[in-house]
Every structure is written in C-alpha cells, then in structure tokens.
Amino acid sequence: MEFLNQNSLYIVLIITVICWFGIFGYLLSLDKKIKKLEEKINKE
Amino acid sequence: MVFKIILGIGLTLVIIAGIALPMVSNPSSFFELPVVPGLEDKARIIFFHVPTAWVCVIAFITSLIYGIQYLRTKEILYDIKSVTAAGLGFLFCILATVTGAIWSKFTWGAFWNWDPRQTSIFVLLLIYGAYFALRSSIEVEEKRASLSAVYSIIAGLTVPFFIFIIPRIVSSLHPDPIINPQGKIHMNPTMLVIFLSSLTGFTAVYYWMFNLRVRFSKLLYQQQMKEQE
C-alpha cells in the first residue's frame, strides 16, 4: 500500500501509456483492415 | 506510415513528460515543470484535458464546414464527413467532460457542481445528442442529409459561445491558462512545449480516426448502393 502511495504518479503514467498503446494499436489494425477491404472491393 | 510512427512516439513522449517530469518551485533546467499554486500535480491534467476540448471544437467546426459543403453540392460524401466529424466531436466532448469531472472531484470537492464550464459543456452535449436523435429519426437519405446539415451548421455556430464565451462572461472556477493572466496557470517553456505537442498529437489522432471512419462509411455506402441495384 505504501508503495502505491509513494509511486502513484508513476502508476498513473504506466496506465496512461498502456491505454495509449492500446488505442494506437487498435487504430493501426483498423487501418490495415480497411485498406484490405478497399483493395478487395476495388478489385471486384 | 512515417506519420503514424512519429505520432506514436510523439504522444508517448508527451504522456511521459506530462506525467513524470518533476514539479519544482523554481525550475532551473528544461526538464522541470513549475509548481502551479493550489493545483500542484493536479495541474498536469492541462496536457490531456485541454487537447480533448480542443479536438472537440475542431471536430464540431469540421462538421459545420462539411454541412455547408453538403448543402452547396448535395454530395452524399460530405454528409458522411459531416456526421463522422460530429460523432468524433461528441466522443471528445464526453472525454473532456469526464476528465474535467474527475479533476473537479479532487480540486473542487465534487464531480459535478454546475460550474459555468460544466453547464456549458453539458448543453453542448445535449445539442449534439439531439443531432444524432434527429438523424436517426429520418429514413429518407437525402432529407436526412440536408436536415442534419442545416442542424450541424446551427449547432456548430453555438460551439464558440459555449466553449469560449459563456464561461468567461460568468465567473467560473475553471483555470484559463492562456487568456486570464491573474491567479491562473503561467506556462513556462517546458510546459508550453509539452502542451503544444499534446495539442498537435491529439489533433493528428483525431484526423486519423476521422479518416478511418470516413473511408469505412464510404465502403459501406458503396456496398449499399450495389445491393440496391
């Protein structure tokens, strides 16, 4: 508990960075998927 | 791809710098932030909350511009862009409200106390909530597009009033870093660099999301057209 109290700022930092990586990765994968879809539809 | 890598690394650096740089009373090096009297570590929200509100304004203005474009050309693509921008603006508006409410719990003592800022952003949420209600209530595509274009223009015109004007006419507890000089946050160069990079990063993320959503809606629309034929 004391560890949490003393390092709360860094815990917030780690959680925020993880959230950001999650959003970033999700956007990247969406980008790839949409690109594939576009290619597929344009070929038809 | 380069743009995305720069964005990914850039915003990670902004997050690390914004949260982890130490706050000291007399910053002597570039890697120290000044202490904001009365707020201390809670002032760090400025690097994340203000950009969300900023993106919210940009998105609503984009929605207005594409609304005008739609009325001029009657091209359905502009309607897609307008509704996408309004949707993202709504999302960022909610984010700004929530981050603001959490901050206010620890600074003002309650999540919600109808401060002019909170009231005005609440009204803004209601206005854009009505926009989506309006859209979902009309079946005919062209009618829906032109009505919601008109609505998005009217709604977009109210945005500057709710975000910039009303909270400054009525006395509010909300800190105004740039405009009000007295008793508010004074940004030193380090803070300013982080703040501006955060604004840029958030805007880039918004643009990316907007682009993805528009491309997807376009595909969906093309597919619908094919099925109808």
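In what follows, the accompanying structure is described. (Residues numbered from 1 in each chain as written. Chains lettered and ligands numbered in written order. Predicted model: local features only at pLDDT ≥ 70, side-chain atom pairs only at ≥ 80, totals over all residues. Heavy atoms only, no water.)

Quick look at the nonpolar core
The nonpolar side chains of a soluble globular protein tend to be buried with one another. Membership of the largest hydrophobic core comes to 62 residues, with the highest contact counts inside it found for Phe47(B) and Tyr128(B). Not counting residues within four places of it along the chain, the set of residues in contact with Phe47(B) comprises Gly18(B), Leu33(B), Met191(B), Ile194(B), Phe195(B), Ser198(B) and Phe202(B). (Core = buried A, V, L, I, M, F, W, Y, C linked by side-chain atoms within 4.5 Å. Buried < 20%, exposed > 50% of the residue type's maximum accessible area, 1.4 Å probe, protein only. Contact = heavy atoms within 4.5 Å.)

Focus on helix H4 (residues 116–137) of chain B
Residue and element names in this part refer to chain B. Across its 22 residues, H4 extends 31 Å between first and last C-alpha, which sits within 8% of the 32 Å expected from 1.5 Å per residue. Within the sequence span of H4, burial applies to Pro-116, Arg-117, Gln-118, Ser-120, Ile-121, Leu-124, Leu-125, Ile-127, Tyr-128, Tyr-131 and Arg-135. Of the surrounding elements, those touching the buried residues of H4 are helix H2 (46–73), helix H3 (76–107) and helix H5 (141–169). (Helix = DSSP H or I, 4+ residues; strand = E, 2+ residues; numbered from the N terminus. Expected span 1.5 Å × (residues − 1).)

Overview of the interface of chain B and chain A
Each partner contributes residues to the interface: chain B has 22 residues there, and chain A has 19 residues. Surface buried jointly by chain B and chain A totals about 2000 Å² across both partners, of which 76% is contributed by carbon and sulfur atoms. Taken as a group, Ile19(B), Arg215(B) and Leu219(B) account for 28% of the area that chain B buries against chain A, more than any other trio of residues on that side. Seen at the junction of chain B and chain A, the total is six residue pairs in polar contact (both at pLDDT 80 or more). Counting residues per element, the side of chain B that touches chain A draws most heavily on helix H6 (residues 189–228) of chain B, which supplies ten residues. (Buried area = accessible area lost by both parts, 1.4 Å probe. Polar contact = N/O pair within 3.5 Å; in protein donor to acceptor, adjacent residues only side chain to side chain.)

Topic: the pattern of salt bridges
On inspection of all chains with the given rule, the structure shows five salt bridges over all chains. Measuring nitrogen to oxygen at the nearest pair gives 3.4 Å for the salt bridge that ties Asp31(A) to Arg215(B). Highlighted residues: Asp31(A) in helix H2 (residues 8–43) and Arg215(B) in helix H6, drawn from two different chains. Exposure class is identical for Asp31(A) and Arg215(B). Each is buried. A salt bridge links Arg215(B) to Glu38(A); the shortest N-O distance between them is 3.1 Å. Within this pair, whereas Arg215(B) is found in helix H6, its partner Glu38(A) is found in helix H2, the two belonging to separate chains. The exposure class assigned to Arg215(B) is buried, which follows from its relative accessible area of 16%. Sharing partners across several salt bridges, the network here consists of Asp31(A), Glu38(A), Lys4(B) and Arg215(B). (Salt bridge = Lys/Arg side-chain N within 4 Å of Asp/Glu carboxyl O.)

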